[in-house]
Amino acid sequence: MADERGWSLGLGGGDLERLLAEAAQHKGESLWQDAWRRLRRNRTAWWSLVFLAVFTAVAFLAPLLPLPSPVTLDLQLEPQPPVAPWTELGRHGFERDYWELSWIDERLVDARVALFGDWQTGPWLGTDAKGRDILARIVWGSRTSILVALAAALCSLAIGVTYGALAGYLGGAIDNVMMRIVDILYSIPFIFVVIFLITIVNEYRAELEDTYGIDRETIFYLVIGAIYWLTMARVVRGQVLSLRHAEFIDAARVLGASTRRIVFVHLVPNVLSIVIVYLTLTIPAVMLFEAFLSFLGLGIEPPKVSWGLLAVDGSEMVNPVRLYWWLVLFPAGAMGATLLALNLVGDGLRDALDPKLRGKD
Amino acid sequence: MLRFLLRRALWFAVTLWVVVTVSFFLMRGVRGGPFDGERALNPAIERNIAARYHLDWPLWKQYLQYVGPLNLDEHGPRFLGGDGSELLTGITTGDFGPSFKYRDFSVNDVIGQSLPISVSLGFIALAWALLLGLSSGIASALWRGSRTDVTLRLAATAGIALPNFTVAGFLVIGFVFLVPLLPVAGYGTWRHLVLPGFALGAPFAAYISRLTRTGMLEVLSHDYIRTAHAKGLPPRIVLLRHAIKGGLLPVISYLGPATAGILTGSLVIERIFAIPGTGSHFVNSALNRDYTLAMGVTILYTVLVYGLNTLVDLAYTLLDPRIELEQS
């Protein structure tokens, strides 16, 4: 067998074996290994990723940190400007005052009380008009914002990838109808639908909570996710269309794989790179959308806090009499830095996963 | 071309029908009506109001009356000015009905007053976004990897990363309070539109800049650009005559979504700068259950978005002969 092949290539038997041995020595590198390596070389993207990881960890561990309560009101007259940590490291008098927390968060607060007692940080980033600590609100707000973004992004991912992959793979008339539906949905001013759905949900919130146990926020996530799948579906469909007639798909079909198997086992992993890139761009969009809804008073409701709400609070305090710059700058800074990092990671991933650049550096 | 336009028109009709139907029934299905107030109305008055606006009809009949074109009301005043004797009515005749909240105005009046303001604001925002986005994107692509490139890209990414009301806040602090150059809010002269236009366009400028950079980089690596350089054309000509055409394609296709985004963004910006545009009606009418006004604004936005997308597709084929209209 080997001889026969070698002969047809015009090689002697020995040559062929040597070549095969040589080839076996080269270790193959999967797309993801290659991408990971290239991502690590891209310093900007790598540090952005590290920053995001730290940020997510801080957001998750917020109840454990010795921050003042994000909701306790202190109705003094004026927002207090920031103080440097070295002039006022902390204060005593922490009170356990939050909105309804989950079981894990309650345990984290327990741990915090055990660790720090009633000690809490000083107003390092100032306080807002109602005497709440900005730093605490930014950290607690990051939880909401990250949760909104992740939930909505995953929702859009699930719908968009399934829809796009099916449309692209089935092709023909089905594809046509499915994409026409997407086109129609695209031309609907979605913001109106969202505003509308949210007002409806507000009307029926008591029933929803009692009967189905769904709270307003869950619906909020779902509604946002249900909008952002459109572009994802288009992107995935385009990719799948170009892969549909690749040899490995034909091979799978010849071997008798079902449609479901071909779509989810063979096609979806191959479009995953572009999906991930798109996902890193969806998350910022969702965070901005949350801010937008908060601005209209349709987003997260007080006493809960999100970055959107903070940014709104800040921009409402812009007035010519006195400049409360910390109310505008710090929330915007936190949001800007996170979204910037997400965008940079997205760019880095796109470069790292680009097959045209593969193996080159 | 004609076939393309016809097909588009057909889909447009379908889209519009879906939008009208879905939003009509959604809105009517929700609890609470336009005339709910703090105090319960006298039942007789309530009956009168309901009769005037046909709210006492079954829903399907209200829907048919709203869409038109046949007038189902045999007697009594239909809309403002009409005496109910007209044969034709409804949105198919271009009559969006009376506003439920602004008692003396029809929806057409409200839109007619506010739309020009919103359009001029959107136009300024788009123009500025294109100007800044294109020039910075091209500069970024030409000097790839340089300090200019890095700075511009960072600025562009930051522009995408901030909500437009925060941008507006910074602008107001900068150009109104610290350096008093422009009015803080209101509407009247061109100076009132500078800051809102800027704040509204900023995220789009940033996005266009990124798209332009990517598009230009792709085009600049093509063989025909090398050929153009090789035959001795000055770089400026290569750029302006050969590269730009291909490099701008992604930007063109983004213009449709961008316009939709600017329309949405104007909801916020108009509120911050107290500009009496259409955006403010959008949210308020949904909250107030001003059925006709909410529907009117929704239809208006659908038409705008759809029309602009069609224009963009047309422009696309003019710039890129490889794309055929039939497929798109």
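Refer to the structure above for everything that follows.
These notes cover the structure that comes with them.

1. Quick look at the interface of chain A and chain B
Link 1 in the chain: Taken together, the contact between chain A and chain B spans 40 residues of the former and 45 residues of the latter.
Link 2 in the chain: Together, the buried faces of chain A and chain B total about 3,900 Å²; carbon and sulfur atoms form 78% of this surface.
Link 3 in the chain: Counting across the interface, chain A meets chain B through zero salt bridges.
Link 4 in the chain: Remark: the boundary between chain A and chain B carries zero residue pairs in polar contact (both at pLDDT 80 or more).
Link 5 in the chain: Secondary-structure elements contributing two or more residues to the side of chain A that touches chain B are α7 (172-187), α8 (190-203), α12 (259-295), α13 (307-316) and α14 (325-353) of chain A.
Link 6 in the chain: Ranked by the residues each element gives to the side of chain A that touches chain B, the list is headed by α14 of chain A, at ten residues.
Link 7 in the chain: Looking at the side of chain A that touches chain B, its residues break down into 28 nonpolar, seven polar and five charged.

2. Some thoughts on the nonpolar core
Link 1 in the chain: Within the largest apolar cluster, 122 residues are counted, with the highest numbers of intra-cluster contacts made by I195, I224, F289 and L293 of chain A.
Link 2 in the chain: Looking at this core element by element, the count peaks at 18 residues for α12 of chain A.

3. Examining α13 of chain A
Link 1 in the chain: Counting buried positions along α13 of chain A yields eight of ten residues, so the element is predominantly enclosed.
Link 2 in the chain: Every buried residue of α13 of chain A is accounted for by W307, G308, L309, L310, A311, V312, G314 and S315 of chain A.
Link 3 in the chain: Elements that come into contact with the buried residues of α13 of chain A comprise α4 (43-60), α6 (134-170), α12 and α14 of chain A together with α6 (164-178) of chain B.

4. Some thoughts on the pattern of salt bridges
Any two side chains of opposite charge can pair, given that their charged atoms come close.
Link 1 in the chain: On inspection of all chains with the given rule, the structure shows nine salt bridges over all chains.
Link 2 in the chain: Here R107 of chain A ties to D110 of chain A by a salt bridge, and the two come within 3.0 Å at their closest N and O atoms. In this pair, R107 of chain A and D110 of chain A both sit in helix α5 (residues 103-116), three residues apart, roughly one turn of the helix.
Link 3 in the chain: By relative accessible area, which is 35% here, R107 of chain A ends up partly exposed.
Link 4 in the chain: We note a salt bridge from D223 of chain B to R226 of chain B, for which the minimum N-O separation is 3.6 Å. With D223 of chain B and R226 of chain B both in helix α8 (residues 223-230) and three residues apart, the pair spans about one turn of that helix.
Link 5 in the chain: Judged by relative accessible area, which is 51%, D223 of chain B ranks as exposed.

5. Observations regarding the layout of surface pockets
Residues and elements named next belong to chain A.
Link 1 in the chain: Approximately 830 Å³ is the volume attributed to the second largest pocket.
Link 2 in the chain: Lining the second largest pocket are 26 residues; nearest its centre among them are W99, L147, E217, Y221 and K304.
Link 3 in the chain: Contributions of two or more residues to the lining of the second largest pocket are made by α4, α5, α6, α9 (205-212) and α10 (216-243).
Link 4 in the chain: Ranked by the residues each element gives to the lining of the second largest pocket, the list is headed by α6, at six residues.
Link 5 in the chain: Its residues placed into classes, the lining of the second largest pocket shows twelve nonpolar, four polar and ten charged.

6. Structural notes on α4 of chain A
All names here are of chain A.
Link 1 in the chain: Over its 18 residues, α4 extends 26 Å from the first C-alpha to the last, a length consistent with the 26 Å expected when each residue adds 1.5 Å.
Link 2 in the chain: Of all the positions in α4, only A45, W46, S48, L52 and A59 are classed as buried. Down the axis of α4, the sector holding all buried residues measures 160°, keeping them to one side. Those residues of α4 that are exposed and aimed more than 90 degrees away from the buried face are R43 and W47.

About the thresholds
- Residues numbered from 1 in each chain as written.
- Chains lettered and ligands numbered in written order.
- Predicted model: local features only at pLDDT ≥ 70, side-chain atom pairs only at ≥ 80, totals over all residues.
- Heavy atoms only, no water.
- Contact = heavy atoms within 4.5 Å.
- Buried area = accessible area lost by both parts, 1.4 Å probe.
- Salt bridge = Lys/Arg side-chain N within 4 Å of Asp/Glu carboxyl O.
- Polar contact = N/O pair within 3.5 Å; in protein donor to acceptor, adjacent residues only side chain to side chain.
- Helix = DSSP H or I, 4+ residues; strand = E, 2+ residues; numbered from the N terminus.
- Nonpolar A, V, L, I, M, F, W, Y, C, P; charged D, E, K, R; others polar.
- Core = buried A, V, L, I, M, F, W, Y, C linked by side-chain atoms within 4.5 Å.
- Buried < 20%, exposed > 50% of the residue type's maximum accessible area, 1.4 Å probe, protein only.
- 1 Å grid on protein atoms, 1.4 Å probe; cavity = no way out; pocket = protein on both sides within 12 Å on 5 of 7 lines; lining within 4 Å.
- Points joined across faces, edges and corners; volume = space filled by probe spheres on them.
- Expected span 1.5 Å × (residues − 1).
- Arc of directions from axis to C-beta.

Limitation: the analysis is restricted to geometry and does not speak to function.
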